[in-house]
Amino acid sequence: MTGSMTLDAPAPNVVVELPGDLFGCDLLSTLDGLASEDLHASTDRAVLDRTALLVAARNRLDAELARTVRHAGTTQAAEHDGLKSMRSWLIGHVRLSVNEASRVLRAGRVLEHLPVLAAGFAAGEVTAAQVEVVAAAVGPGEVAQAEEQGIDLAGFDQAWADVARECSHASLGVAVQAFLGALDPDGCEPDPTEGRRLSISRNADGSITGRFDLDAGGGEKVQAAIESIVQADRPKGDTRTRSQQNADALVQLCDNQLASGNLPTLRTVKPHVVVTIDLADLVDPATGAGAGELGFGATISAARARWLACDADVSRIVMGPDGEPLELGRRHRVVTPGLRRAVERRDRSCVFAGCGAPTWWCDVHHLIHWVHGGETNLENSALLCERHHTKVHHGFRVERDPGGRWRTWRPDGTEILIGPLLHRS
C-alpha cells in the first residue's frame, strides 16, 4: 500500500510517493508518545529501564538500516535517483557523514557472512559500534582468505556475538585480532606503522580538531607520555575532565619539545610559534578579538598575543601602505637565557598556588607586561606553567610579597589559600 504527498516546489505537479506502512505504522506514533512524556515524573529505575530499552531499539533500527542499505546496494537502487552508489546516496540524500555512510555499508556487507552476529544485532543485543569493530577488520578479502584456508568463520561468528553481548567493548577487538592472527599464523609480522594516521583540520574559530590511529606499540608510547604529564599535574581542586587533562598534557609535550631546541629545522629555522600583530593592538589593554595571526593561519585576540609574548622573541617590522616591509628591526629577546636561569633558580616551579609544575613546563611571565612599561628583570618575573599562565592572563594574579612568598588571587580579588595559609590573619 502506498500513499502520496504533494510538496510545494517551483515545478508544478511534483508528487513524491512514500511507503504508507512506514508512515502509518506504530513506530512513529510510539516515538511521538515517548517524546511527549515528562521524564521528571519518572523514578530513577524507570529512567534507567527506558534508557536500556531505547538503546536496544536503536540497535534494532541500526541493524535494519544496514540490511536495507545492503539490499539497496546490491540492487543498485541509488540509480533510481541518478546516483552511482548507496554511499553517495546516504551522504547526499539523508546527510550522513562520509564515515557514517561507510560504516553502514561495511556493516551490511560483513553481516551477510556472520549470521549469528547479525541475529544479535537485529535483536538489539549488539550495537552498531560493535559491528563496526568486526566490519573494519574483516572485509571481503579476509572472508575469502578464511574460506581458502579452511578456517571456520562460523566459530568466530559465534564467539564474536557472545563477546559482544557479554563483555566490554574493548574485548571484542581482542577477539577480532585472534581471527586475523589465525589467517596468517606463520607469516611475516606486518609493519605496524603502515596503519598509523593523523589528520588535523582547522575550524572557523582557529581551533583545530584531529583524529589519529596508532598501532598498539605506538599507542602505548603516546599514552605513556601523556599519562606521565597528567599524573604529574594534579593540583588540588582540579575540575578538568579526563579528556581536558589529556589535551593539556599533549600541548605540554609540544611545549617541552619546542623549548628544548632539539626539533628538526622547519623552513630554515627552528620550529616555533609565530604571531603577527599590530603594535597598537599589542599595547592596547583591550581584548582585541582577531587582532593577531598565527603562523599556520589561525587568528587570535590581542590578549592572547600578549600572553604568548610574555616569554618570546619579538621582531619589529615596519610596513608600508602597500603592505611591503620597509624596515626589519633587530630581534629582541624578551627573556634572556641568563634571566630565565635566574628565575628558575629562584622559583623552582610554577608559582601559581597549589601547582608546582616543573620549570621545563613553564614560561617566564611579566608581572607588569613589558608592553605596559614592565621591566624585563628578576623582580618583574614569575615562573608559570602553560595552564596557569593562561589563567593569569584571564583575571587571576600572582604577586611575590616582601618575604619572598608567592601569593595568588582570583579574578574577584579573593586570595587562593593553601594549607596553613588558611589560618593566616
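Before going into details, it helps to say that this report is about the structure given with it. All of these numbers come straight from a predicted model, not from anything done at the bench. (Residues numbered from 1 in each chain as written. Predicted model: local features only at pLDDT ≥ 70, side-chain atom pairs only at ≥ 80, totals over all residues. Heavy atoms only, no water.)

For the protein chain, the count of helices and strands is 16 helices and 16 strands. Counting all 425 residues of the protein chain, 27% fall into the buried class. For the protein chain, the proportion of contacts with a sequence separation of at least 24, taken over those separated by at least 6, is 45%. Accessible surface, the protein chain: about 27200 Å² in total, of which carbon and sulfur atoms supply 56%. (Helix = DSSP H or I, 4+ residues; strand = E, 2+ residues; numbered from the N terminus. Buried < 20%, exposed > 50% of the residue type's maximum accessible area, 1.4 Å probe, protein only. Contact = heavy atoms within 4.5 Å. Areas by Shrake-Rupley, 256 points an atom, 1.4 Å probe, with all protein chains shown as cover.)

On the basis of which strands lie adjacent, the open sheet formed by three strands has the order β5-β6-β7 and antiparallel pairing. Looking at the sheet topology across the chains shown, the edges are occupied by β5 (275–276) and β7 (299–300). Bridge count for strand β6 (residues 292–294) against β7 is two bridges, and the pairing is antiparallel. Across the sheet, glycine 292 pairs through a bridge with isoleucine 300, a residue of β7. (Pairing = 2+ DSSP bridges.)

Turning next to the pattern of salt bridges. Per the counting criterion, the structure on display carries 18 salt bridges. Where aspartate 162 meets arginine 165, a salt bridge forms, and the shortest distance between an N and an O atom there is 2.7 Å. In this pair, aspartate 162 and arginine 165 both sit in helix α9 (residues 153–166), three residues apart, roughly one turn of the helix. The class for arginine 165 is partly exposed, based on a relative accessible area of 35%. Ionic pairing is found between arginine 407 and glutamate 415, a salt bridge with its closest N-O pair at 2.9 Å. In this structure arginine 407 comes out as partly exposed when scored by relative accessible area, which is 24%. What you see here is one network of salt bridges that share partners, running through Asp238, Arg240, Asp248 and Arg387. (Salt bridge = Lys/Arg side-chain N within 4 Å of Asp/Glu carboxyl O.)

This next bit is on the nonpolar core. Ranked by internal contacts, the top residues of the largest apolar core, which has 28 residues, are Leu114, Leu117, Phe121, Val134, Val138, Trp160 and Phe179. Secondary structure elements with two or more residues in this core: α3 (44–74), α5 (98–111), α6 (115–122), α7 (128–137), α8 (140–148), α9 and α10 (169–183). Sort the elements by how many residues they give to this core and α9 lands first, with six residues. In this view, phenylalanine 121 contacts Asn59, Arg60, Asp62, Ala63, Ala66, Leu111, Val126, Thr127, Ala128 and Val131; residues no more than four positions away in its chain are not counted. Counting 23 residues, the second largest nonpolar core, distinct from the first, contains Val343, Phe352, Cys362 and Ile416. (Core = buried A, V, L, I, M, F, W, Y, C linked by side-chain atoms within 4.5 Å.)

Evaluated as defined, the whole model comprises zero disulfides. Counting only cysteine sulfurs, cysteine 350 is the nearest neighbor of cysteine 355, a cysteine outside any disulfide, at a range of 3.8 Å. (Disulfide = S-S within 2.5 Å.)

A word on the pairing of strand β4 (residues 208–213). Within β4, only zero of the six residues are buried, which leaves the element largely exposed. Looking at chain direction, strand β3 (residues 197–202) and β4 are connected through six bridges and run antiparallel. What sits directly across from arginine 202, in β4, is isoleucine 208.

Attention now moves to the sheet that holds strand β14 (residues 397–400). Here we have three strands laid out as an open sheet, ordered β14-β15-β16, and antiparallel in their pairing. Whereas interior strands pair on both sides, the edge strands pair on one side only; in this sheet they are β14 and β16 (415–416). One ladder, built from four bridges, connects β14 with strand β15 (residues 406–409); its direction is antiparallel. Opposite valine 398, over in β15, you have threonine 408 as the bridge partner.

Another point: the side chain of glutamine 245. Assignment of secondary structure puts glutamine 245 in helix α12 (residues 242–260). Of the residues examined, glutamine 245 reaches a relative accessible area of 16% and is grouped as buried. Sequence-distant contacts of glutamine 245, that is, excluding residues within four places in its chain, are made with Val230, Asp238 and Arg240.

Right, let's get into a nonpolar patch on the surface. On the surface, a cluster of nonpolar side chains totalling about 590 Å² of accessible area is made up of Leu198, Ile200, Ile208, Phe212, Leu214 and Val222. When residues of the nonpolar patch are traced back to their parent elements, those giving at least two are β3 and β4. Examined against the element boundaries, leucine 214 turns out to sit in the loop between β4 and α11 (216–232). (Patch = residues over 30% accessible without salt bridge, like charges linked within 9 Å, V, L, I, M, F, W, Y side chains within 5 Å.)

This part takes up the packing of α5 against α7. Packing of α5 against α7 leaves a shortest axis separation of 9 Å and a crossing angle of 70 degrees. On the basis of their axis angle, the class for α5 and α7 is roughly perpendicular. Packed against α5, whose contacting residues are Arg103, Arg106, Ala107, Val110 and Leu111, the element α7 presents Ala128, Val131, Glu132, Ala135 and Ala136 at the interface. When grouped by side-chain class, the residues that make up the contact of α5 with α7 number seven nonpolar, no polar and three charged. (Axes fitted to C-alpha atoms, helices over the stretch in contact; angles between N-to-C directions. Parallel < 35°, antiparallel > 145°, perpendicular 65-115°, else oblique. Nonpolar A, V, L, I, M, F, W, Y, C, P; charged D, E, K, R; others polar.)

According to the stated counting rule, one finds four aromatic pairs in the structure shown. Plain terms: the ring middles of phenylalanine 156 and phenylalanine 179 are 5.0 Å apart, the flat faces sit at 75 degrees to each other, and that makes the pair edge-to-face. Of the two residues, phenylalanine 156 sits in helix α9 while phenylalanine 179 sits in helix α10, which places them 23 residues apart along the sequence. When the centroid spacing of 5.4 Å and the interplanar angle of 85 degrees are considered together, the rings of tryptophan 160 and phenylalanine 179 count as edge-to-face. Here tryptophan 160, found in helix α9, pairs with phenylalanine 179, found in helix α10; they are 19 residues apart in sequence, far enough to count as distant. Take tryptophan 160: its relative accessible area is 0%, and that puts it in the buried class. Here the aromatic residues Phe156, Trp160 and Phe179 are joined through ring pairs into a cluster of three or more. (Phe/Tyr/Trp six-rings, centres within 6.5 Å; stacked < 30°, edge-to-face > 60°.)

Summarising the element assignment, valine 275 is placed in strand β5. As a C-alpha pair, valine 275 and alanine 298 span 23 residues in sequence and 9.6 Å in three-dimensional space. Those residues in contact with valine 275 that sit more than four places away from it in its chain are Glu293, Leu294, Ile300, Ala305 and Leu308.

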